[in-house]
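Survey of secondary and tertiary structure
Here is what each chain is made of, one letter per residue.
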Amino acid sequence: MGSDRREYEALFRASFTSVARTVFLVVHDRAVAEELTQDAFVKLLGSWSTVSAYERPEAWVRKVAVRMALRHLSRERSRPLREMRAYAVPAPPADPDPDVAAAVRQLAPMQRAAVVLHYFEDRPVAEIADVLRVSESTVKQHLYRARARLAQALGEELVSDVG
């Protein structure tokens, strides 16, 4: 087995769970999250000769996976309401507080993605902007609006923390 293949497999083993968790926090469906993550890693394999030279190939695959998740949410949102009701609602992830997770699920998809990447995954605004293909100021705007909605939903005071 070639060293490129071994490097890809090592990255896959090291990053798959983390990327799948990020995608799950955006789409809130474990099966969809795993499928989208697998698809992102297939894209990574197809581009491995280029992406393997990047400083952080795992960031590339995470970006692809989050974009795929956002496209998935967009497609799902356009389906008729009765079809969406047929899907089972998965349990929230174990780590976030259930009230916070429920409030995050109510956010618009771009706000939800920004919140997940910034607060749950501790990603910097610049990286989130790159992942979401928007400016840093747009990310800050999504985070500001999301925090306001979350503060209202959770009955808390709004505190600014994005820089």
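None of the values given here were measured: they were computed from a predicted structure.

Quick look at helix 2 (residues 30-46) now. Across its 17 residues, helix 2 extends 24 Å between first and last C-alpha, which sits within 8% of the 24 Å expected from 1.5 Å per residue. Within helix 2 the residues assigned to the buried category are Val-32, Ala-33, Leu-36, Thr-37, Ala-40, Phe-41 and Leu-44. For helix 2, the capping residue at the N-terminal end is Asp-29, with a side-chain oxygen 3.1 Å from the backbone nitrogen of Ala-31.

We now examine the environment of Ala-146. Take Ala-146: it is sitting in helix 9 (residues 136-154). In the structure, Ala-146 is positioned 32 residues away from Ala-114 in sequence and 8.5 Å away in space, judged by C-alpha atoms. Setting aside its immediate chain neighbours within four residues, Ala-146 contacts Leu-107, Gln-111 and Val-115.

The predicted model of the protein chain averages 87 in pLDDT, with 85% of residues at 70 or higher. In the model of the protein chain, helix 5 (residues 81-85) stands out as the element of lowest mean pLDDT, 55, in contrast to helix 2, which has the highest, 96.

How two aromatic rings sit relative to each other is set out by the distance from centre to centre and by the angle between their planes. Applying the stated criterion to the full structure yields 5 aromatic pairs. Ring geometry for Tyr-8 and Trp-48: centres 5.6 Å apart, planes at 80°, overall edge-to-face. Highlighted residues: Tyr-8 in helix 1 (residues 3-27) and Trp-48 in helix 3 (residues 48-51), separated in sequence by 40 residues. Residue classification places Tyr-8 among the buried residues on the basis of a relative accessible area of 9%. An aromatic cluster is defined as three or more aromatic residues linked by ring pairs; in this entry it consists of Tyr-8, Phe-12, Phe-16, Phe-41 and Trp-48. Above the face of the Phe-24 ring, Arg-30 is positioned so that its terminal group lies 4.3 Å from the ring centre.

Definitions and limits used
Residues numbered from 1 in each chain as written. Predicted model: local features only at pLDDT ≥ 70, side-chain atom pairs only at ≥ 80, totals over all residues. Heavy atoms only, no water. Helix = DSSP H or I, 4+ residues; strand = E, 2+ residues; numbered from the N terminus. Expected span 1.5 Å × (residues − 1). Buried < 20%, exposed > 50% of the residue type's maximum accessible area, 1.4 Å probe, protein only. Polar contact = N/O pair within 3.5 Å; in protein donor to acceptor, adjacent residues only side chain to side chain. Contact = heavy atoms within 4.5 Å. pLDDT = per-residue confidence, 0-100. Phe/Tyr/Trp six-rings, centres within 6.5 Å; stacked < 30°, edge-to-face > 60°. Lys NZ or Arg CZ within 6 Å of the ring centre and 35° of its normal.

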